[in-house]
Amino acid sequence: MSLLDVKDLAVRFKLEDHTVEAVRGVSFSVDTGETLAVVDESGSGKSVSARAIMKLLPRTAEIAPETQITFQGARIEGFSEKRMLEVRGARIGMIFQEPMTSLNPIYRIGSQIAEGLILHQRMTKKQALARALDLLKEVRIPDPEARLEQYPHQLSGGQRQRVMIAMAIANEPELLLADEPTTALDVTVQAEILKLIRGLQDRYHMGVILITHDLTIVEKVSDRVAVMRLGEVVETGTTRALFARPQHPYTQKLIASEPSGEPDVVTSKDTVLDVDRLRVVYHLRWGGMLTRQRRELIAVDDVGLEIRKGETLGVVGESGSGKSTLGKAILRLVHNDGGRVAWQGQDLQQLDKQAMRKFRTRLQVVFQDPFSSLNPRLSVRQVIEEGLIVNGLGGSGCERDARVRRGLEEVGLDSNALNRFPHEFSGGQRQRIAIARALVLDPEFLLLDEPTSALDLSVQAQVIDLLRALQRNHGLTYLFISHDLKVVRALCHRVMVMKDGQIVEEGTVDEVLSHPKTDYTSKLVTAAFEVIA
Amino acid sequence: MAAFLWRRSLSALGLLFVVSIVSFILIQAPEGDFGTHYKTFAISQGGMTEADAQKLADQIRVRYGLDQPLYLQYLNWIGGIVTEGDFGQSFTYNKPVADLIGERLWRTLGIALTCHLLATLIGVSLGIYAAVNQHRLGDTASTVLAFLGMTIPRYFMALLILYWLAFIVGSPYIGSLFSPRYVLAPWSLAKFWDLLLHIWPIILIATVGGLAYNLRVMRCNLLDVLRQPFIETAREGAAGEESDPQTRRTQRAAPARHVSGRHPALYADRRAGGGDRPERADHRPADARHIGTPGRVRNGDDILVALPGADHRQLHRRSASGSTRSANSHGRSGMSTQPIADARAGLLADDAAPAVQTTRSQTYLNLVWRRFRKNRVGMTGGVLVALLLLTTIFADFLAPYDPAQRDRDNIYTPPANLHFVSDEGFHPIPFAHPVAVTLNPQTFELVFTEDTGVRCRPEFLGKGWNCTLFGIPMNRHLLAASLECPWHILGTDRDGRDMLSRVLIRSQLTLIMAGLVVAIAVTIDTLFGIVSGYNGGTVDHWLQRGVEFILALPELPFYFALVAIIPRNAEPLHVFFMLAAILSLLKWAQLAREVRGKTLSISQLDYVTAAEAVGAGTPRIVMRHILPNVMSHVVVVTTLMIPIVVLIESFLSFLGLGVQPPLVSWGMLLNAGKDLQNLGSYPWVLTPVVATLITVLSFNMLGDGLRDAVDPYQH
């Protein structure tokens, strides 16, 4: 008999005038010591299923009567709130996605962990704190004694997630529900957290349900997989079998949408963009008139780079490494404090605002977040034609309209999108609009600032294909900023690794990814391609 | 911490210094000084000649140093305060000012502290109660209470209570702190009780406003906190205690309304037809997950403990973005709707990328309307405001009498009893009987007797007094009543003028004043706010210091001081404009700060950077990208500012400091109710307050609804 057996789970949300079925007919089971991955792109009911097991659903949701949830032989779906309290936290632990907000900001770490122990195991405060310390050691937080006395805001995201894990395993539960436990974390931290969960699982013989959208994690960590789509489980099976022979077309598509392929070979030898010792310093100031304090934050520290025509240079690094600032500084979208940026021999740093405007059409940019990069008050037409208008391009209204339509077609959108507003489009569609905005100006260079990281896997694959096609057709030069080495491998010719504003490694993609020279790079590579070594 | 306190005290000192200079100058600004006062006094009371009186006045000026230049006088004054704690001598009481202040300081502090304590305690507890019982009876009741508490002007509440005490209860405890026999008695329980009997109306009135505010802030903060994941963590991690059924209902938070109202995209897609179907289905779980966030709370303690965190966050957010959203009425959290973003980008979404058919697009206004329509409070407010504006515009047409027409025969006529039915049958236009007023020779009470033999009825669309509507002279009115046969449904005032007509016509001046003030203030604000927020740097720094200064000014005393500058013999129209200028001067700062915050956050969004990247210049970025997105916020603040101005204006006019006759505003009408004696005999002179209340309430309701609706994207 399985540890947890879910049969025909259905959850309905009562909305104002109708009911929405978030999940229906979902069945899966997990055994002691086993890891079940529930996978799907975001928002297909996998989180709802997990919450239904814990009965942590909002009041508007109800579990349908046909549902059967059996945990250690007991049917828990009909449990009263009171009986559920004995299960929740004690026998089923849960880790949430957002380590930033899942801890109460006004309690010390120690007492937050201790709370569950005192309530469930009737420990005294002292015993509970001692156990909390053991738990912190177990989740391998550096300097655990000091952490007991600290508040959540004093810990990093990864450390907070470790605290969350410590809380989840405090009562030695038989089952651990991990709801996207690593999504909010940096790639290198992700790997460590997953390794930790794995280790704890072995130690406590827990069953683990891992909810994720990341196929790499699924492949490396789980024993079995349940693939969900639109609130239904479409396929289950052992991980190996499922990845080797996916049965359902959706699963096949999901696995196929891992970034793949390679960019075309660069033929040109001319360097178009030449950046030399570029430096960006932020002056942080705080305090009042009398107690003014200053600190300098060097975001980009003497970075130099060269890109040939038609080439894609990738810039990778963890968040905060200065890669986005570098990109913006090259286009003079942030101030810079020294260095030289030359576009086809013309020094851009010397130009005033007016003169720079001539180059704006030739150097364009696509941002990471497709939601904040489009003004919600402008229609798609207005968004795209703005560049033409301010630069006096496109001549008459008719010609301009034709150019806008052509731009939309090129990114694969129908021209009837013209009069609609950004909020009516999905993330991937919005990103296409943002690309069209850049393309319509016939640029020679595109700065791509994490253009795919806010998108789901399959959409990401489509955008990568699009970018590759555009590069081929227009001979575009890309500077591609990303933290995702898989996307970089699919799109870039050369890659630069940045850390703390400096370049630590540089070379062709093959060189860097297969023979990383620095620890930092190999950590990134490991995190991206292997997850658990 | 010590360093922080030290810094803050230093800057407070600096501010005090500046305020002292400004108040000193303001006090000096009106014409005349104590010398002039003394001179007129000597002439009128002492029978002195002009020359002698002048000499006397000069002597007095020398004695008090009033002949010295202004800065020396200031130095004298501030020097005395700083070195010896000497505030000078009060001319009115003939006692040292320091003593006078000292005497009153403790009482004032005591009252203030008590009120503050009560407002906090009761407001916070009611707020918690409301949040935990969201959308239940208790919540609705306390929301209504909060609305009323924030809307009803304090002075009116005071008048009502006084009226009730004096004329209905006949309470002896009015107008002093103690009954005569306790004034000099030592403190005892009995004396304290006596004090309470006298002082409770003051405490009550001062508490209500703060209480209402606390209630609302508490409620929406708590609703925000209850949606935090850590509440869920607490729920998940801890158990063993019986969960309180009361608090368990907390999770009723985020009802369906919330979900459907929040995601316009859902609707857009629903209309899009078959092609988008899979994509639409993709939302559901995202929605579900989103509303899944609010968690239950174990017991009451948890809520209380969560408070400081909430406050902190709230303050932080407010200072960071300057947004009023933090005081969001229904506590809709500002949480991002990112899940829907993920959902929308679902696997099949891009398959359907080239939209199959043309759909009617949802413009911004459509979306706002969609959300606003669902807000019952806001809609009610909107309808009321529309009616109010219509009434104001057509006031001349609606008024049955000439508001300036005096009538000696009908002084202080009480509101007429309207009769729809007589022996002749039903009358669509009700009639009234003329009222004769006589004085009871024994009790000196007024006796009103209806002359039932005569029926007075206004003429529908009849000819009446001459007025102009949109500049066209006319004399037709909706209901034209004649003086010979009076039909005063709201009674008349001391000159026999019809109250209804006066209230109707006066709405124009009141609303014009409010509109003018708000228009000036909002223009300044938007300009300053955008300049400050977009440019940053030195301009921003100094504009913000200016804003801080204005915000630090004690509001009421400054109105008085500024109003005192207006020459008494100025033209009424000039007074009106000066008053408007003063009100705008003191009202622009708050909004400027908010606009700045909003501008700041918008100018950091990628679409502004993208506009820069395509080569758009500053004017274009401001006009096309920042201004439209800031405007929604400005509109809301404008709506919420109108009632504030209406209240201040009515209060100033009530005190006789506002607009001058022959211009008359609602507050001016109320002036008649200041005299308790008058009020006792003719309580209907308070009717303008009802008009003020309706105005304030409806604008507040409208603004509240708009605030929830103007940000339909919330990404």
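Note that the coordinates shown come from a computational prediction; the quantities given were computed from them, not determined experimentally.

Undergrad: What am I meant to see in the overall build of chain A here?
TA: In terms of regular secondary structure, chain A is built from 19 helices and 21 strands. Scored against the burial criterion, the 533 residues of chain A give a buried share of 51%. Within chain A, contacts between residues at least 6 apart in sequence are counted, and of these 69% link residues at least 24 apart.

Undergrad: Looking at this structure, I do not really get the overall build of chain B. What am I missing?
TA: Tallying secondary structure elements over chain B gives 27 helices and eight strands in all. Going through the 715 residues of chain B one by one, you find that 39% of them count as buried. In chain B, of all internal contacts separated by at least 6 residues, the share reaching a separation of at least 24 is 74%.

Undergrad: Please explain unusual backbone geometry as it appears in this structure.
TA: Outside of glycine, negative phi angles account for most residues, and trans bonds account for most peptide bonds. Residues and elements named next belong to chain A. Phi is positive for Arg 122, which is not a glycine, with a value near 55°. Looking at the element boundaries, Arg 122 is found in the loop between helix H3 (109–121) and helix H4 (125–138). Of note in this structure, Glu 180 is not a glycine but carries a positive phi near 45°. Judged by the 20 C-beta atoms lying within 10 Å of it, Glu 180 falls in the buried class.

Undergrad: Would you explain helix H10 (residues 249–256) of chain A in this entry?
TA: Think of an α-helix as 3.6 residues a turn; residues three or four steps apart then line up on the same face. Residue and element names in this part refer to chain A. Residues Tyr 250, Thr 251 and Leu 254 constitute the buried set of H10. End-on, the buried residues of H10 take up no more than an arc of 100°, which puts them together on one face. Residues Pro 249 and Ala 256 are exposed on H10 and point more than 90 degrees away from its buried face. Of the surrounding secondary structure, the elements contacted by the buried residues of H10 are helix H8 (215–221), strand S10 (224–229), strand S11 (232–238), helix H9 (239–244) and helix H16 (457–474).

Undergrad: Hey, could you run me through the confidence of the model for chain B in this one?
TA: Should the pLDDT be low somewhere, the predicted coordinates at that spot are not to be read in detail. Residues and elements named next belong to chain B. Counting all residues, the mean pLDDT for chain B is 72, and 79% of those residues have values of 70 or more. Of the regions scoring below 50 in pLDDT, residues 238–358 engages in 270 contacts with residues more than four places distant in sequence or in other chains. Scoring the predicted complex yields pTM 0.69 and, for the interface, ipTM 0.73.

Undergrad: Explain the environment of A:Arg406 to me, please; I cannot follow it from the model alone.
TA: All names here are of chain A. In this fold, Arg 406 is placed in helix H14 (residues 397–410). Looking at Arg 406, the number of C-beta atoms within 10 Å reads 13, which means it is partly exposed. For Arg 406 and Val 440, which are 34 residues apart along the polypeptide, the C-alpha to C-alpha distance reads 8.0 Å.

Undergrad: I tried to follow the sheet that holds strand S9 (residues 207–212) of chain A on my own but got confused; where do I start?
TA: Sheets are built from strands paired through backbone hydrogen bonds, the pairs being either parallel or antiparallel. Residues and elements named next belong to chain A. Spatially, the six strands line up as an open sheet ordered S7-S8-S9-S3-S10-S11, and their pairing is mixed. Every other strand in the sheet has two partners, leaving strand S7 (92–95) and S11 as the edge strands with one partner each. Each strand of the sheet is rotated relative to its neighbour by a mean of 15°, with strand direction disregarded. Relative to S9, strand S8 (residues 175–179) runs parallel, the two sharing five bridges. Considered in S9, the bridge of Leu 176 is made with Val 208.

Undergrad: What am I meant to see in the sheet that holds strand S14 (residues 312–316) of chain A here?
TA: Residue and element names in this part refer to chain A. If you trace the six strands from one edge of the open sheet to the other, you get S17-S18-S19-S14-S20-S21, paired in mixed fashion. The open sheet is flanked by strand S17 (363–366) and strand S21 (502–508), the only strands paired with a single partner. Here the average twist between neighbouring strands, direction ignored, is 15°. Note that strand S20 (residues 494–499) and S21 share six bridges and pair antiparallel. Of the residues in S21, the one forming a bridge with Val 497 is Glu 505. Packing against the sheet, helix H19 (residues 519–529) makes contact with S14, S20 and S21, and its axis sits at approximately 110° to S20.

Undergrad: Looking at this model, I keep getting lost on the pairing of S11(A). Mind explaining?
TA: Every regular strand shows the same layout, with side chains that alternate between the two sheet faces. All names here are of chain A. Examined bridge by bridge, S10 and S11 share six bridges and lie antiparallel to one another. By the bridge assignment, Ala 226 is partnered in S11 with Thr 236. In textbook terms, the turn of a hairpin is the stretch between consecutive antiparallel strands, and for S10 and S11 this stretch comprises two residues, one of which, Leu 230, has a positive phi near 50°.

Undergrad: Please explain the pairing of strand S2 (residues 425–431) of chain B as it appears in this structure.
TA: In this structure, strand S1 (residues 419–422) of chain B lies alongside S2(B), joined through three bridges in antiparallel fashion. Counterpart to B:Ser422 in the pairing with S2(B) is B:Gly425.

Undergrad: What is the right way to read the environment of B:Leu670 from this model?
TA: Residues and elements named next belong to chain B. Tracing the backbone through its elements, the reader meets Leu 670 in helix H25 (residues 666–670). C-beta crowding within 10 Å serves as the criterion here: with 25 such atoms nearby, Leu 670 is assigned to the buried category. Note: C-alpha distance between Leu 670 and Ser 650 (20 residues apart in sequence) is 8.0 Å. Beyond its immediate stretch of four places on either side in the chain, Leu 670 contacts Ser 650, Phe 654, Leu 686, Pro 688 and Val 689.

Undergrad: I would appreciate a short explanation of the packing of helix H6 (residues 157–169) of chain A against helix H7 (residues 187–204) of chain A in the present structure.
TA: Axes are the key here: two packed helices are described by the angle between their axes and the distance separating the axes. Residue and element names in this part refer to chain A. Between H6 and H7, the least distance of the axes is 10 Å, while the angle of their chain directions is 15°. Classified by the angle their axes make, H6 and H7 are roughly parallel. In this structure, H6 crosses over H7, and the sense of that crossing is right-handed. Every residue of H7 that contacts H6 at Gly 157, Gly 158, Gln 161, Arg 162, Ile 165 and Ile 169 is listed here: Val 189, Glu 192, Ile 193, Leu 196, Ile 197, Leu 200 and Tyr 204.

Undergrad: I tried to follow the environment of B:Asn535 on my own but got confused; where do I start?
TA: All names here are of chain B. Structurally, Asn 535 can be placed in helix H19 (residues 499–535). When the 15 C-beta atoms within 10 Å are taken as the criterion, Asn 535 is described as partly exposed. Taking the C-alpha atoms as reference, Asn 535 lies 9.8 Å from Ser 603; in sequence the two are 68 residues apart.

About the thresholds
Residues numbered from 1 in each chain as written. Chains lettered and ligands numbered in written order. Predicted model: local features only at pLDDT ≥ 70, side-chain atom pairs only at ≥ 80, totals over all residues. Helix = DSSP H or I, 4+ residues; strand = E, 2+ residues; numbered from the N terminus. Buried ≥ 20, exposed ≤ 12 C-beta atoms within 10 Å, placed from the backbone. Contact = placed C-beta atoms within 7 Å. Arc of directions from axis to C-beta. pLDDT = per-residue confidence, 0-100. Pairing = 2+ DSSP bridges. Axes fitted to C-alpha atoms, helices over the stretch in contact; angles between N-to-C directions. Parallel < 35°, antiparallel > 145°, perpendicular 65-115°, else oblique. Left-handed = near helix turned anticlockwise from the far one by under 90°.

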